[in-house]
Amino acid sequence: MAEKKGYVATTKFLIASPTKVRPVAHAISRMPCSKAVAVLENMPQKGAKLIGKTLKSAMANALVANDKLDEDMLYVKEIRVDEGPRLKRIWCRARGRADQLLKRMCHITVTVAEKAGE
């Protein structure tokens, strides 16, 4: 019998560098959802707000799909921060030169699951 994958929420095309968002994601991985939301609300990083919205969406997906679940029964099973496309902009420099400015995007995928053994 295949293991149940959990409840997923994905947010795409967020203008934030994946390398800056990943440390925030690692901080809440495998944590109970209620505790993870509290931790994210107290973090100053921009990525914490973005991950928090995605996590709340995944929790809502789980609660709508299964009436027997409660918020305290959920934990963050997996959180993935993938690289998205890059916006390329011109940055004017001295003496008529130009540099290329890359505005990086990321895709955040959060999977929550029910705690085993309850």
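Structure: above.
Basis of the calculations
Residues numbered from 1 in each chain as written. Predicted model: local features only at pLDDT ≥ 70, side-chain atom pairs only at ≥ 80, totals over all residues. Heavy atoms only, no water. Buried < 20%, exposed > 50% of the residue type's maximum accessible area, 1.4 Å probe, protein only. Helix = DSSP H or I, 4+ residues; strand = E, 2+ residues; numbered from the N terminus. Arc of directions from axis to C-beta. Contact = heavy atoms within 4.5 Å. Pairing = 2+ DSSP bridges. Axes fitted to C-alpha atoms, helices over the stretch in contact; angles between N-to-C directions. Core = buried A, V, L, I, M, F, W, Y, C linked by side-chain atoms within 4.5 Å. Phe/Tyr/Trp six-rings, centres within 6.5 Å; stacked < 30°, edge-to-face > 60°. Lys NZ or Arg CZ within 6 Å of the ring centre and 35° of its normal. Salt bridge = Lys/Arg side-chain N within 4 Å of Asp/Glu carboxyl O.

S.K.: What's the story with helix H2 (residues 33-41) in this structure? I'm lost.
M.R.: An α-helix turns once every 3.6 residues. As a result, residues three or four positions apart point the same way. All of the buried residues along H2 are Cys33, Ala36, Val37 and Leu40. Mapping the buried residues of H2 onto a view down its axis gives an arc of 100°, with all of them on the same face. At its buried positions, H2 is contacted by helix H1 (18-28), helix H3 (46-65), strand S2 (74-92) and strand S3 (98-114).

S.K.: What exactly am I supposed to notice about the sheet that holds S2 here?
M.R.: Strand pairing within a sheet occurs via backbone hydrogen bonds; the two strands may be parallel or antiparallel. The strand order S1-S3-S2 describes an open sheet built from three strands, whose pairing is antiparallel. Each having just a single partner strand, strand S1 (7-14) and S2 make up the two edges of the open sheet. Within the sheet, the average angular offset between the axes of one strand and its neighbour, ignoring direction, is 10°. Pairing of S2 with S3 involves 16 bridges; the strand directions are antiparallel. Within the sheet, the bridge partner assigned to Lys88 lies in S3 and is Leu102. This element, H3, spans S1, S2 and S3 of the sheet and lies at about 150° to S1.

S.K.: What should I look at first to understand unusual backbone geometry in this one?
M.R.: What you tend to see is this: most non-glycine residues have negative phi, and most peptide bonds are trans. Phi angles above zero are rare outside glycine, and Arg30 is one such case at about 65°. In this fold, Arg30 is placed in the loop between H1 and H2. A relative accessible area of 55% places Arg30 in the exposed class. In the Ramachandran plot, Arg95 falls in the positive-phi region, its phi being about 60° despite a non-glycine side chain. Take Arg95: it is sitting in the loop between S2 and S3.

S.K.: Can you help me understand the nonpolar core in this one?
M.R.: Generally speaking, a soluble globular protein has its nonpolar side chains buried in company with each other. In this structure, Ile28, Ile51, Leu55, Ile108 and Val112 are the most contacted members of the largest nonpolar core, which totals 29 residues. When contributions to this core are tallied by element, the ones reaching two or more residues are S1, H1, H2, H3, S2 and S3. Once you skip the residues sitting within four places of it in the chain, Ile108 turns out to touch Ala9, Thr10, Thr11, Leu14, Val21, Leu50, Ile51, Thr54, Arg80 and Val81.

S.K.: Where do I start with the packing of aromatic side chains in this structure?
M.R.: Scanning the model with the defined rule gives zero aromatic pairs in all. The ring of Trp91 has Arg93 sitting right over it, with the charged end atom 4.4 Å from the ring centre.

S.K.: Explanation requested: the pattern of salt bridges in the structure shown.
M.R.: Think of it this way: side chains of opposite charge can pair up when their charged atoms draw near. Inspection of every chain in the model, using the stated rule, returns five salt bridges. Ionic pairing is found between Lys56 and Glu41, a salt bridge with its closest N-O pair at 3.5 Å. Placement of Lys56 in helix H3 and of Glu41 in helix H2 is noted, with a sequence separation of 15 residues between them. Judged by its relative accessible area of 44%, Lys56 falls in the partly exposed class. Look at the salt bridges and you will find they share partners, linking Glu78, Arg80 and Asp82 into a network.

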